[in-house]
Amino acid sequence: ILHWYSGSASAARKAVAQGCYFSVNHRMLEHSAGVALLRGLPRDRLLTETDAPFTATADRPSRSADATMILATAASALGMEATELHNIVSANATHVLRFAGIPTIAER
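Asker: Requested: an account of the layout of surface pockets, with residues and values cited.
Answerer: Estimates place the volume of the largest pocket at around 330 Å³. Elements with a minimum of two residues in the lining of the largest pocket: β3 (46-48), α3 (67-78) and α4 (82-99). If you tally residues by element for the lining of the largest pocket, the top one is α4, at 6 residues. The residue inventory of the lining of the largest pocket, partitioned by class, reads 8 nonpolar, 6 polar and 2 charged.

Asker: For the sheet that holds strand β1 (residues 2-3), give the residues involved together with the corresponding values.
Answerer: Either a parallel or an antiparallel arrangement is found when strands of a sheet pair, and the pairing is made through backbone hydrogen bonds. Taken together, 3 strands build an open sheet; the order of strands is β1-β2-β3 and the sheet is parallel. Whereas interior strands pair on both sides, the edge strands pair on one side only; in this sheet they are β1 and β3. Relative to strand β2 (residues 22-24), β1 runs parallel, the two sharing 2 bridges. Considered in β2, the bridge of H3 is made with S23.

Asker: Let's hear about the packing of α3 against α4: which residues, and what values?
Answerer: Two elements in contact, α3 and α4, have axes separated by 8 Å at closest approach and are oriented at 110°. With respect to α4, the axis of α3 lies roughly perpendicular. From α3, L71, A72, A74, A75 and L78 reach across to α4, where they touch A82, L85, H86 and V89. A per-class count over the contact of α3 with α4 returns 8 nonpolar, 1 polar and no charged.

Asker: Which residues make up unusual backbone geometry, and what values go with them?
Answerer: Here the phi dihedral of W4 falls at roughly 55°; this positive angle occurs in a residue that is not glycine. Its location among the elements puts W4 in the loop between β1 and α1 (9-17).

Cut-off values and rules
All residue numbers refer to position in the chain's written sequence, counted from 1. Local features in a predicted model are, by the rule used here, given only for residues with pLDDT of at least 70; side-chain atom pairs are given and counted only at 80 or more, and totals for whole chains, interfaces and linings are based on all residues. Values reported for side chains reflect all heavy atoms of the structure, with hydrogen atoms and water molecules removed beforehand. Each cavity reported here is a set of points on a 1 Å grid over the protein atoms alone in which a 1.4 Å probe fits but cannot get out, each pocket an open set with protein on both sides within 12 Å along at least five of seven lines, and each lining residue one with an atom within 4 Å of a point. Grid points are joined across faces, edges and corners, and a volume is the space filled by probe spheres set on the points. In this text, helices come from DSSP runs of H or I with a minimum length of four residues, and strands from runs of E with a minimum of two, each type numbered from the N-terminal end. Three categories are distinguished: nonpolar for Ala, Val, Leu, Ile, Met, Phe, Trp, Tyr, Cys and Pro, charged for Asp, Glu, Lys and Arg, and polar for the others, with Gly belonging to the last. If DSSP finds at least two bridges between two strands, the strands pair. Under this scheme, a helix contributes an axis fitted over its contacting stretch, all axes are lines through C-alpha atoms, and angles between N-to-C directions fall in the 0 to 180 degree range. Oblique is the label for every angle not falling under 35 degrees (roughly parallel), over 145 degrees (roughly antiparallel), or within 65 to 115 degrees (roughly perpendicular). In this analysis, two residues are considered to be in contact whenever any of their non-hydrogen atoms come within 4.5 Å of each other.

Listed below in structure tokens is the structure:
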């Protein structure tokens with residue numbers, strides 16, 4: 001998982017070919033370069049960040065619950081409904097957890 005990825009599109013394509021996922025946070029979506037990068041990533045490799053210790057949301061440190069806001073902003077940038085992106089990101093997270101041998105809440 002490439003956390004807060006800010007590299008080039010060509011490097012992202014190489015990372016995708018190697019099986020990498022990309023976590024997205026609200027700071028990435030505040031500028032056109034981050035939005036353009038998001039739009040170039042495969043949907044089946046997107047995750048939301050559940051920690052962003054060096055960022056602030058609404059004048060407070062960012063926290064896991066902010067992932068809902070990230071989904072809404074990212075979905076808008078991608079021209080899709082937040083619910084649809086939520087389902088995609090949830091499926092991606094489940095895949096990553098299974099790969100790591102970690103059961104999801106539903107599987108416990």
